[in-house]
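Secondary and tertiary structure notes
What follows is the residue order along each chain.
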Amino acid sequence: MPSPFPFSAIVGQEDMKKALLLAAVEPLLGGVLVMGDRGTGKSTAVRALAELLPKIETRAGCRYNCLPSDPQPACPHCSAAGATKPAMVKIRTPMVDLPLGVTEDRVCGSLDIEKALVAGERAFEPGLLATANRGFLYIDEVNLLEDHLVDLLLDAAASGVNVVEREGLSVRHAARFVLVGSGNPEEGDLRPQLLDRFGLSVEVRTIMDLKMRIEVIRRRDAYETDPDGFVADRAKGEAAIRSSVVAARKIVKKVEVPDAILFRMSQLCMRLGIDGMRGELTLLRAGRAAAALAGRMTVDWTDIEDIAPMVLCHRLRRDPMDEAGTAPRIERALAALDAGHGHA
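Summary of the structure given here. (Residues numbered from 1 in each chain as written. Predicted model: local features only at pLDDT ≥ 70, side-chain atom pairs only at ≥ 80, totals over all residues. Heavy atoms only, no water.)

Some points on the pattern of salt bridges
According to the stated counting rule, one finds 10 salt bridges in the structure shown. In this structure, D306 and K18 form a salt bridge, with 2.5 Å as the shortest nitrogen-oxygen distance. With D306 in helix α14 (residues 301–312) and K18 in helix α1 (residues 14–25), this residue pair connects regions lying 288 residues apart in the sequence. Judged by relative accessible area, D306 falls into the partly exposed class, the value being 41%. R220 is the partner of E224 in a salt bridge, and the nearest nitrogen-oxygen pair spans 3.3 Å. With a gap of four residues between them, E224 and R220 both fall in helix α9 (residues 210–225), about one helical turn apart. (Salt bridge = Lys/Arg side-chain N within 4 Å of Asp/Glu carboxyl O. Helix = DSSP H or I, 4+ residues; strand = E, 2+ residues; numbered from the N terminus. Buried < 20%, exposed > 50% of the residue type's maximum accessible area, 1.4 Å probe, protein only.)

This is the structure we're talking about:
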């Protein structure tokens, strides 16, 4: 099976690529929602990013991708191992596709029927949340997935833990993953309550620049003709992005956010009428991740201006009198803040 299309070879769609990189640096952002036209590289970008990221170390035989550094066994498998220390192995960053017709048992895990029937044992069969731990869980056509499943996934992504209490089983295991949803808005919208739970949201459109369209066709054709050769030619660009993500992960928790930036972030959310505090918290985390990706230890206002649309657009209340849409409303609010900053 050939390697996925390289992340560094994706033409355009800068907002989508930036949102995915921010989420890869700071999983606490709460996932990424990518809505837009068909054939705009949404699923290609997610698979490319998972392939790009460095391999993760885990315990051999663990179906929960446990961290070797966990002070206590973090899953039923490692708990059962007791004092025995299993060997460590390196695996690719998990990338799990969630099918639309999936059941809740398949997502969360359930009783292992085979062991129950054959051996009479009450054992847990891990679900997709276990497989996706420390990686990505991707839902194509997320707007068509049942609401209760989306809610369940967002809860697990936010808490980092999957809890299963059914059929006499009581299981807790780590479920730290980046949730990425994509879809075509023509096929329906997500409920506002669910929209707000995604950390970042970007809209992708069909490229209308002639030169860029031709470049997309050329690169895709070159990849399909010789996948291994195309991937090899892009190795240097992939390595550069990987290095920047690894370096950003090491410093992101130490990046400082000056009080003046916090003050203006809250002013922006109040001016836009954002409900709750999730907008500011996500701006804070995304700002730190953006600064870390740039190799800086302090967030500046340009970071916030750059990420504000992807953090706040999907949190705005709909204004039927404003035909321009949500992004222009954020641009106007930022401009008003900038104009008044000298008087603050």
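Still to come is the rest of the account.
Remarks on the environment of R249
The residue R249 is located in helix α11 (residues 235–251) in this model. Placed 44 residues apart in sequence, R249 and L293 show a C-alpha to C-alpha distance of 8.3 Å. Ignoring anything within four residues of it in the chain, the contact list for R249 reads A24, V25, L53 and P54. (Contact = heavy atoms within 4.5 Å.)

Digging into the environment of M277
With respect to the helices and strands, the residue M277 is situated in the loop between α12 (259–272) and α13 (278–293). Sequence separation of M277 and S266 is 11 residues, and the distance between their C-alpha atoms is 9.0 Å.

Description of the packing of aromatic side chains
As enumerated under the stated definition, the model contains three aromatic pairs in all. On the basis of an interplanar angle of 80° and a centroid distance of 5.3 Å, the ring pair of F5 and Y223 is categorised as edge-to-face. Of this pair, F5 sits in the segment before α1 while Y223 sits in helix α9, and the two are 218 residues apart along the sequence. For Y223, a relative accessible area of 9% corresponds to the buried category. An aromatic cluster of three or more residues is present, and its members are F5, Y223 and F230. When the ring centre of W301 is taken as origin, the NZ or CZ atom of R264, which lies over that ring, is 4.3 Å away. (Phe/Tyr/Trp six-rings, centres within 6.5 Å; stacked < 30°, edge-to-face > 60°. Lys NZ or Arg CZ within 6 Å of the ring centre and 35° of its normal.)

Considering α12
Given a rise of 1.5 Å per residue, 14 residues ought to cover 20 Å, and the 20 Å separating the end C-alpha atoms of α12 matches this to within 8%. Three or more residues of α12 are buried, namely I261, R264, M265, L268, C269 and L272. Along the axis of α12, the buried residues cluster in a sector spanning 140°; they form a single face. The exposed set on the far side of α12, more than 90 degrees from its buried face, consists of D259 and M270. Positive backbone phi, at 70°, marks G273, one or two positions downstream of α12. (Expected span 1.5 Å × (residues − 1). Arc of directions from axis to C-beta.)

Brief notes about the sheet that holds strand β10 (residues 178–183)
If you walk across this open sheet you meet the five strands as β4-β7-β10-β1-β11, and the pairing is parallel. Edge positions in the sheet fall to β4 (95–97) and β11 (200–204), since each has one partner strand and no second. Averaged over all neighbouring strand pairs, the angle between strand axes comes to 20°, with direction disregarded. Pairing geometry for strand β1 (residues 32–36) and β11, over five bridges, is parallel. In the strand pairing of β11, G36 is matched with V204. (Pairing = 2+ DSSP bridges. Axes fitted to C-alpha atoms, helices over the stretch in contact; angles between N-to-C directions.)

By themselves, these figures tell us nothing about what the structure is for.
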